[in-house]
Protein chains: 2
Amino acid sequence: MTGKGRVTIREVAERAGVSIATASRALSGNHPVPVATRSRVLRAARELDYVANAHARALVGAGRKMVAVVVRQVTSPFYAQVAEGVEAEAADRGWLCVVGATGGDPQREMEFVQLMREEGARLVILVGGVVEDDAYRSRVAHYAQALDASGARLVLCGRPAPDPEIPALVVEFDNEAGSRAVTGHLLSAGHRRIVFLGGLPGNTALDARVAGYRAALAEHGVPAGDARVVDCGLGRGAGLRAMGELLKETREFTAVVAGDDMVAAGALRAIAEAGLRVPEDVSVVGYNDIPLAEDFNPPLTTVRTPAEELGRAAVRIALRDAEGGGGGRHLLGTHIVVRGSVAAPGGS
Amino acid sequence: MTGKGRVTIREVAERAGVSIATASRALSGNHPVPVATRSRVLRAARELDYVANAHARALVGAGRKMVAVVVRQVTSPFYAQVAEGVEAEAADRGWLCVVGATGGDPQREMEFVQLMREEGARLVILVGGVVEDDAYRSRVAHYAQALDASGARLVLCGRPAPDPEIPALVVEFDNEAGSRAVTGHLLSAGHRRIVFLGGLPGNTALDARVAGYRAALAEHGVPAGDARVVDCGLGRGAGLRAMGELLKETREFTAVVAGDDMVAAGALRAIAEAGLRVPEDVSVVGYNDIPLAEDFNPPLTTVRTPAEELGRAAVRIALRDAEGGGGGRHLLGTHIVVRGSVAAPGGS
DNA sequence: CTGCCGACTGAAAACGTTTTAACTTCCCCT
DNA sequence: AGGGGAAGTTAAAACGTTTTCAGTCGGCAG
């Protein structure tokens, strides 16, 4: 039953009584072949359960249609949605999608990009905010230049291009606008003492959200000195810990803007553990509107960032501009989703 | 700046003043090469920013170290965790991991497996319960036979092998035991009228959980007639809808066993919307212990299925048994995680 | 009848690497 | 001094496709 190795096109050709060249043409459809010959070849291929060797094909042809998406971790709901968007858009076009996880380690990111170069990926999408230091800039410059040299494209989602001249495309959400809007929502409800929980200095995405938060405060006439940013970074654990500590230190605030929904999840938990109620005692808003945000306790008011659409857009724009080469920056809009975690300040 | 095509090993060899063969050996390290020559080649490669062409390498060599993991959707927290486990274990060994999403469509599953055969994946992991009909059996038999013929391995996670003779490895959780345990937990708390929400007849994973549920009832002397299984399938939306309808029809139950945590999330929401409290009026348990289960309202008592470990185990076992060929079935254990969604029946 | 064009086909080159087999050197042993 | 390796190196074959180039054949216009 199991022929030793894989069936090759040679055996198909033999069985169909044609040359390798004709078999190839019939199978790949690159060149017209009389229908009789063609069906004979196809039947032979079916009978032998022939599958073409993608490596051989990629070696001689124009390479393989493959897109790579690189995220910190697949289990983050936001990244998962982005990856799903990329996967879906790629599948729609018959492209293969590879996802890599770095765990936030630049070393693994470099290894993975290297691997993708070897594999001949034509599109590499790096997702997620990052601290923009010199190491980052030179790393990305190298990716962009190297990928460009072999005709591939680099897309940065939620992280900046180190230099506008660099052949990388940037597709991201307008973090500052989203954060300004949701902070404005709290301010409009009457809050004045609002904490931003989850800053990550140097991380461009979080810095933009902090900037939006400060801008909203300024717009509503809150003194800049009343702003308070807790730089605890992202993740549920970080939010839980930082919120717990903050509550031990002070209760001089009525609302919390979380860096993202996972931080908000931790914060909600910490607030409950401290014996306070949301939203009666403290209002909380998140960022990203992950799928389970409406199952939090209470359901979370947050900013909807259509993550899947971000992934799709990255692929779509990169492939559309494929000829254009070069860079460019595309901003995607966001909007507030109002649920039960916000009330007017001043108790029940 | 952009040299036209990719740098090949020929140019590296030329610059280092050696033959292609020597360059290849120095770079791949398959054959000892004097340190002087070796460093000369490596330097040339570094200077030219050479990356090997994985296609050419795979074409002549033993193929590429690549594992493919196929799930319904990446955004399901459970599948994401499994995929992360596979990715991590693969990365640890320097293998490439490709994830495919089928959306539950057998057609897309077949296409993806076909693609993986073309790409030369050496390990294909199919994840997730499935209805075991004739179409499924013949599909999987074909995968197994075809992959085996080209020296690749097939692993089934949470779905059955159609035939013990078939060269496929099964790695899964003991769904029946887990479900029996968590249902037993409710029974021990005093519940007698317990609904199973989220059956999916024909789906082997869910059927096993239903069987565990019934077994637990029988063990505790609850008449079989008091069992009630709502076949609404999985997903938050399904749970929300089905629970809402059930509550309109009857309130003759004190506890709910959900098919998985997402169904539980929907159920919790529906119960709250009906004006009931969890756990005072209704107790709820889930399945899988997804990362956000403790942020539900209330925190969810559920069965912890170490999903990442499932992914890791699939890779580990498959690679360890690589020589052994053939099949085999491995069961992974689970345990209950007690949180706040269960109380004794009979109101606050 | 001759010449030409088009449709179809096949032999062979090419893709970039690894590996085999053969060829040098050079050293050591007798 | 001659022979036997070992160590280092290289030319060439091989991997499975696609594509180019050249060929064969039949038909049709002149």
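The structure displayed is predicted, hence computed values, not measured ones.

Reading the values: rules and limits
- Sequence order sets the numbering: in each chain, residues are counted from 1 along the sequence as written.
- The order in which chains are written sets their letters, starting at A; the order in which ligands are written sets their numbers, starting at 1.
- Given that the model is predicted, a residue must reach a pLDDT of at least 70 before its local features are reported, and side-chain atom pairs must reach 80 or more before they are shown or counted; all residues, however, enter totals for whole chains, interfaces and linings.
- Excluding hydrogens and water, the side-chain values take into account all heavy atoms of the structure.
- For the purposes of this entry, the term helix denotes a DSSP run of H or I that reaches at least four residues, the term strand denotes a run of E that reaches at least two, and both are numbered from the N terminus.
- Relative accessibility under 20% of the residue-type maximum defines a buried residue, over 50% an exposed one, and the middle range a partly exposed one, all with a 1.4 Å probe and only protein chains included.
- Each accessible area is a Shrake-Rupley estimate made with a 1.4 Å probe; only the visible protein chains count as cover when residues are assessed.
- Only four residue types enter the charge count: Lys and Arg as positive, Asp and Glu as negative, with His and the chain ends excluded.
- Lys charges are placed at NZ, Arg charges at CZ, Asp charges at CG and Glu charges at CD.
- Whether a residue is near a molecule or strand depends on its heavy atoms: it is near if one of them lies within 4 Å of it.
- For the purposes of these results, a polar contact is taken to be a pair of N or O atoms within 3.5 Å, where, inside protein, one atom must be able to donate a hydrogen and its partner to accept one; residues adjacent in sequence count only when each atom of the pair is a side-chain atom.
- Residue polarity follows a fixed list, in which Ala, Val, Leu, Ile, Met, Phe, Trp, Tyr, Cys and Pro are nonpolar, Asp, Glu, Lys and Arg are charged, and the others, Gly among them, are polar.
- Any two residues whose heavy atoms approach within 4.5 Å are treated as being in contact.
- Two parts placed together each lose some accessible area; with a 1.4 Å probe, that loss summed over both constitutes the buried area.
- By convention in these notes, a salt bridge is any Lys or Arg side-chain nitrogen within 4 Å of a carboxyl oxygen on Asp or Glu.
- Least squares is used to superpose the copies, and the fit set is the C-alpha atoms of residues whose pLDDT is at least 70 in both copies.
- Between the rings of Phe, Tyr and Trp (Trp by its six-membered ring), a pair exists once the centres lie within 6.5 Å; its type follows the angle of the planes, with under 30 degrees stacked, over 60 edge-to-face, and the other angles tilted.
- By the criterion adopted, a ring carries a charge over it if an Arg CZ or a Lys NZ lies within 6 Å of its centre and within 35 degrees of its normal.
- Axes here refer to lines fitted to C-alpha atoms; in helices the fit is confined to the stretch in contact. Angles between the N-to-C directions go from 0 to 180 degrees.
- Between 65 and 115 degrees an angle is taken as roughly perpendicular, under 35 as roughly parallel, over 145 as roughly antiparallel, and anywhere else as oblique.
- Note on convention: near helix rotated counterclockwise from far helix by under a right angle means a left-handed crossing. Clockwise means right-handed.
- Each domain's extent is set by a domain assignment, obtained either automatically or from a database.
- Helix span, as expected, comes to 1.5 Å for every residue beyond the first.
- UniProt positions are given in the numbering used here, feature names are shortened, and annotations may be inferred rather than shown by experiment.
- Strands qualify as paired when DSSP identifies two bridges or more between them.
- Definition used in this section: a nonpolar core is a set of buried Ala, Val, Leu, Ile, Met, Phe, Trp, Tyr and Cys residues joined via side-chain atoms within 4.5 Å.
- Only residues above 30% relative accessible area that lack a salt bridge enter a patch, with like-charged residues linked at up to 9 Å and the nonpolar side chains Val, Leu, Ile, Met, Phe, Trp and Tyr linked at up to 5 Å.

**Notes on the overall build of chain A**
- Helices and strands together make up the secondary structure of chain A, namely 12 helices and 12 strands.
- Of all 348 residues assigned to chain A, the portion counted as buried reaches 51%.
- With the model as given, the accessible surface of chain A reaches about 14,400 Å², and the carbon-plus-sulfur share is 49%.
- Averaging the coordinates of the 39 positive side-chain charges in chain A and doing the same for the 41 negative ones gives two points 7 Å apart.

**As for the protein's contact with DNA strand D**
- Contacts to DNA strand D come from 24 residues, most closely from Ile9, Ser24 and Asn30 of chain A together with Thr22 and Arg25 of chain B.
- A share of 69% is what sugar and phosphate atoms reach among the atoms of DNA strand D within 4 Å of the protein.
- Interatomic distance of 2.7 Å between a side-chain N/O atom of Asn30 of chain A and a phosphate oxygen of DNA strand D.
- At 3.5 Å, a backbone N or O of Asn53 of chain A approaches a phosphate oxygen of DNA strand D.
- Here the element with the most residues in the surface near DNA strand D is helix H2 (residues 20-28) of chain A; it accounts for 5 residues.
- Among the residues making up the surface near DNA strand D, the classes are represented as 13 nonpolar, 8 polar and 3 charged.

**Remarks on the interface of chain A and chain B**
- With 56 residues of chain A at the interface, the matching set in chain B holds 57 residues.
- A combined buried area of about 4,800 Å² lies between chain A and chain B, and 55% of that area is made up of carbon and sulfur atoms.
- Taken together, chain A and chain B are joined by 12 salt bridges.
- Joining chain A to chain B, the criterion identifies 25 residue pairs in polar contact (both at pLDDT 80 or more).
- At the level of secondary structure, the elements contributing two or more residues to the side of chain A that touches chain B comprise helix H4 (54-60), helix H5 (77-92), strand E2 (96-101), helix H6 (106-119), helix H7 (134-149) and helix H11 (261-273) of chain A.
- The element best represented in the side of chain A that touches chain B is H6 of chain A, accounting for 8 residues.
- Partitioning the side of chain A that touches chain B into residue classes produces 26 nonpolar, 15 polar and 15 charged.

**Describing the relation of the copies chain A and chain B**
- For the pair chain A and chain B, the best superposition has an RMSD of 0.2 Å and corresponds to a rotation of 180 degrees with a translation of 0.0 Å parallel to the axis. Taken together, the rotation and translation describe the operation of a two-fold axis.

**Brief notes about the packing of aromatic side chains**
- In this structure the tally under the stated criterion is 6 aromatic pairs over all chains.
- Centroid distance Phe78 of chain B to Phe173 of chain B: 6.5 Å. Interplanar angle 55 degrees. Geometry classified as tilted. Separated by 95 residues along the polypeptide, Phe78 of chain B in helix H5 (residues 77-92) and Phe173 of chain B in strand E5 (residues 168-173) bring together distant segments of the chain.
- Judged by relative accessible area, which is 14%, Phe78 of chain B ranks as buried.
- Grouped by ring-pair contacts, the aromatic residues Phe78, Tyr79 and Phe173 of chain A constitute a single cluster.
- Sitting over the face of the ring of Tyr287 of chain A, Arg209 of chain A holds its NZ or CZ atom 4.0 Å from the ring centroid.

**What to know about the packing of helix H1 (residues 9-16) of chain A against helix H3 (residues 35-48) of chain A**
All names here are of chain A.
- It is at 8 Å that the axes of H1 and H3 come closest, and there the two elements cross at 125 degrees. Considering their axes alone, H1 and H3 lie oblique with respect to each other. Of the two elements, H1 crosses H3, and the hand of that crossing is right-handed. Listed contacts from H3 to Glu11, Val12, Arg15 and Ala16 of H1 are Arg40, Val41, Ala44, Ala45, Glu47 and Leu48.

**Quick word on the domain arrangement of chain A**
- Structurally, chain A comprises domain 1 (9-52), domain 2 (66-173 + 307-331) and domain 3 (175-305).
- Centre-to-centre separation of domain 1 of chain A and domain 3 of chain A, based on C-alpha positions: 62 Å.

**A look at the protein's contact with DNA strand C**
- In the vicinity of DNA strand C lie 24 residues, with Arg25 of chain A together with Ile9, Ser24, Asn30 and Tyr50 of chain B positioned nearest.
- Atoms of DNA strand C within 4 Å of the protein: sugar and phosphate make up 66%, bases the balance.
- The side chain of Thr22 of chain A places a nitrogen or oxygen atom 3.0 Å from a phosphate oxygen of DNA strand C.
- A distance of 3.4 Å separates a base oxygen of DNA strand C from a polar atom in the side chain of Arg25 of chain B.
- Of all the secondary structure elements, the ones that give two or more residues to the surface near DNA strand C are H2 and H4 of chain A together with helix H2 (20-28) and helix H4 (54-60) of chain B.
- Broken down by element, the surface near DNA strand C gets its largest block of residues, 5 residues, from H2 of chain B.
- Of the residues in the surface near DNA strand C, the class split is 12 nonpolar, 9 polar and 3 charged.

**Section: H7 of chain A**
All names here are of chain A.
- For H7, spanning 16 residues, the distance from its first C-alpha to its last is 22 Å, which sits close to the expected 22 Å at 1.5 Å a residue.
- Among the residues of H7, those classed as buried are Tyr136, Arg139, Val140, Tyr143, Ala144, Ala146, Leu147 and Ala149.
- In this structure, the buried side of H7 is in contact with H6, strand E3 (123-127), strand E4 (153-157) and strand E5 (168-173).
- Within two residues after H7, Gly151 carries a phi angle of roughly 80 degrees, on the positive side.

**What about the UniProt feature "domain: HTH lacI-type" (unreviewed entry) in chain A?**
- Here, UniProt's "domain: HTH lacI-type" (unreviewed entry) annotation points to residues 7-61 of chain A.
- A distance of 20 Å separates the end C-alpha atoms of residues 7-61 of chain A, which is 69% helix and 0% strand.

**As for the sheet that holds strand E1 (residues 66-71) of chain A**
Residue and element names in this part refer to chain A.
- Strand order across the open sheet formed by 6 strands is E2-E1-E3-E4-E5-E11, with parallel pairing between neighbours. The open sheet has two edge strands with one neighbour each: E2 and strand E11 (329-332). Neighbour to neighbour, the strand axes of the sheet diverge by 20 degrees on average, direction disregarded.
- Here 6 bridges tie E1 to E2, and the two strands are oriented parallel to one another. Note on E2: the bridge partner recorded for Val67 is Cys97.
- Contacts from H5 reach E1, E2, E3 and E5 within the one sheet, and its direction differs from that of E1 by about 175 degrees.
- Packing of H7 onto the sheet brings it into contact with E3, E4 and E5, and relative to E4 it is tilted by some 145 degrees.

**A word on the nonpolar core**
- Judged by nonpolar contacts, the single largest core of 54 residues is most densely connected at Ile125, Val155 and Val171 of chain A together with Ile125, Val155 and Val171 of chain B.
- Excluding its chain neighbours within four sequence positions, the residues that come into contact with Val171 of chain B are Val155, Leu156, Cys157, Gly158, Leu310, Ala313, Ala314, Ile317, His330 and Leu332 of chain B.
- Residues Val230, Leu246 and Val282 of chain A together with Ile290 of chain B belong to the second largest nonpolar core, which totals 52 residues.

**Comments concerning a nonpolar patch on the surface**
- A contiguous nonpolar patch, built from Leu59 and Val60 of chain A together with Leu59 and Val60 of chain B and spanning about 390 Å² of accessible area, is present on the exposed surface.
- Going through the elements one at a time, H4 of chain A together with H4 of chain B are the ones with two or more residues in the nonpolar patch.
- With respect to the helices and strands, Leu59 of chain B occurs in helix H4.

**Quick look at the side chain of Asp295 of chain B**
- Within the secondary structure, Asp295 of chain B sits in the loop between strand E9 (283-285) and strand E10 (302-304).
- Given a relative accessible area of 6%, Asp295 of chain B falls into the buried group.
- At 2.5 Å, the side chain of Asp295 of chain B and the side chain of Arg236 of chain A are in polar contact.

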